[in-house]
Amino acid sequence: MTLAEQLATLVLRAARTSTRVLGVDPGTRFVGLALSSADLRLAVPLRALDRATPPSPRTGALAPADAHAHELRQLIAAERVSALVVGLPLDALGREGDACAKVRRYVKQLKLATMPVVFLDERYTSASCRHALTRAGVSAARQARTKDAAAAGLILQNALDIACTHISRGGS
């Protein structure tokens, strides 16, 4: 099945079940999140989860991957999410390397086994978002967290556009 067919299948299933798609950009420091609109045409950046926050032994806070899984499960239930589109940081030649292995491992650690996941090339999305935020006058400190959610939005929007184009051309 081609990437366009996979994405079209996710979008059509979400449309039939009145659910949404969640975009995820697992960065080095933050994990950006974006949510599709109810009509599955637009991606809306939500927020970024901090990957570097260590668990608190005093309070018993969850380890970051566990905390993210818990927070994602809550978001998935609250927003009726039926699938994930996860950014995959391919190298400049389109090959998978260590960064891709880390992303796949992160997704596996989330233990969202029943959730369909499609990985989408996310090369240069963070850089594009950082450039756009700089042009918009957003400070470097604010960009650190904002760019990952914006990049997740860009990844998800690309996925929705690919799916809608495929469907409009008669694919399913």
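Remember, it's a predicted structure, so these values are computed and weren't measured experimentally. (Residues numbered from 1 in each chain as written. Predicted model: local features only at pLDDT ≥ 70, side-chain atom pairs only at ≥ 80, totals over all residues. Heavy atoms only, no water.)

### Regarding the overall build of the protein chain
And step 1. The secondary structure content of the protein chain amounts to five helices and five strands.
And step 2. The C-alpha radius of gyration of the protein chain comes to 16 Å, within 12% of the 16 Å expected for a compact globule of 172 residues.
And step 3. When its C-alpha atoms are laid out on the principal axes, the protein chain stretches across 55 × 35 × 30 Å.
And step 4. Here the contacts in the protein chain between residues at least 6 apart in sequence split such that 66% fall between residues at least 24 apart.
And step 5. Summing over all exposed atoms, the protein chain offers an accessible surface of approximately 9,300 Å²; the carbon and sulfur share of this is 55%. (Helix = DSSP H or I, 4+ residues; strand = E, 2+ residues; numbered from the N terminus. Rg over C-alpha atoms; globule rule 2.2 N^0.38 Å. Contact = heavy atoms within 4.5 Å. Areas by Shrake-Rupley, 256 points an atom, 1.4 Å probe, with all protein chains shown as cover.)

### A closer look at the nonpolar core
And step 1. If you look at the biggest cluster of nonpolar residues, it comprises 22 residues, and the most contacted ones within it are Leu22, Val24, Leu33, Leu72, Leu84 and Leu112.
And step 2. Looking at this core, the elements with two or more residues in it are β1 (20–26), β2 (30–36), α2 (64–79), β4 (81–88) and α3 (98–109).
And step 3. Every residue in contact with Leu33, bar those within four places of it in the chain, is listed here: Gly23, Val24, Pro45, Leu46, Arg47, Leu49, Leu72, Leu75, Ala149 and Ala152.
And step 4. By size, the runner-up hydrophobic cluster in this structure holds 18 residues, among which are Leu7, Val21, Ala43 and Leu120. (Core = buried A, V, L, I, M, F, W, Y, C linked by side-chain atoms within 4.5 Å. Buried < 20%, exposed > 50% of the residue type's maximum accessible area, 1.4 Å probe, protein only.)

### Some remarks on the sheet that holds β4
And step 1. Pairing within the open sheet is mixed, and its five strands lie in the order β3-β2-β1-β4-β5. Both edges of this open sheet fall to β3 (43–50) and β5 (117–121), since each of them pairs with a single strand only. Here the strands of the sheet are splayed against their neighbours by 25° on average, with no regard to which way each runs.
And step 2. As paired elements, β1 and β4 share five bridges and run parallel to each other. By the bridge assignment, Val24 is partnered in β4 with Val86.
And step 3. Helix α1 (residues 3–16) rests against β1, β4 and β5 of the sheet, and its axis sits at about 135° to β5. (Pairing = 2+ DSSP bridges. Axes fitted to C-alpha atoms, helices over the stretch in contact; angles between N-to-C directions.)

### Observations regarding the pairing of β5
And step 1. Burial of β5 is one-sided: the residues Val118 and Leu120 facing one way are buried, the residues Val117, Phe119 and Asp121 facing the other way are not.
And step 2. As judged from the five bridges shared by β4 and β5, these two strands associate in the parallel manner. Directly across from Val85, in β5, lies its bridge partner Val118.
And step 3. Assessed by its sense of winding, the connection that carries the chain from β4 through α3 to β5 is right-handed. (Right-handed = clockwise from strand over helix to strand, strands pointing away.)

### Observations regarding unusual backbone geometry
And step 1. The phi dihedral of Ser18 is positive, around 50°, even though this residue is not glycine.
And step 2. Here Ser18 lies in the loop between α1 and β1.
And step 3. At Leu40, a position not held by glycine, the phi torsion is positive, near 65°.
And step 4. Of note, Leu40 is situated in the loop between β2 and β3.
And step 5. Using a relative accessible area of 4% as the deciding quantity, one classes Leu40 as buried.

### Looking at the environment of Ala15
And step 1. Relative to the helices and strands, Ala15 resides in helix α1.
And step 2. Classification of Ala15 as partly exposed rests on a relative accessible area of 47%.
And step 3. For the pair formed by Ala15 and Ser82, sequence separation is 67 residues and the distance between their alpha carbons is 9.9 Å.

### What to know about the pairing of β2
And step 1. Of all seven residues in β2, seven are buried; the element is thus mostly enclosed.
And step 2. A two-sided burial pattern is seen for β2, the buried positions comprising Phe30, Gly32, Ala34 and Ser36 on one face and Val31, Leu33 and Leu35 on the other.
And step 3. Sheet topology note: the β1/β2 ladder contains five bridges and is antiparallel. Bridge pairing links Asp25 to Gly32 in β2.
And step 4. What sits between the antiparallel neighbours β1 and β2 is a turn of three residues.
And step 5. Here seven bridges tie β2 to β3, and the two strands are oriented antiparallel to one another. Note that in β3 the partner of Phe30 across the bridge is Asp50.
And step 6. Linkage of β2 to β3, two consecutive antiparallel strands, is achieved through a turn of six residues, within which Leu40 is found at a positive phi near 65°.

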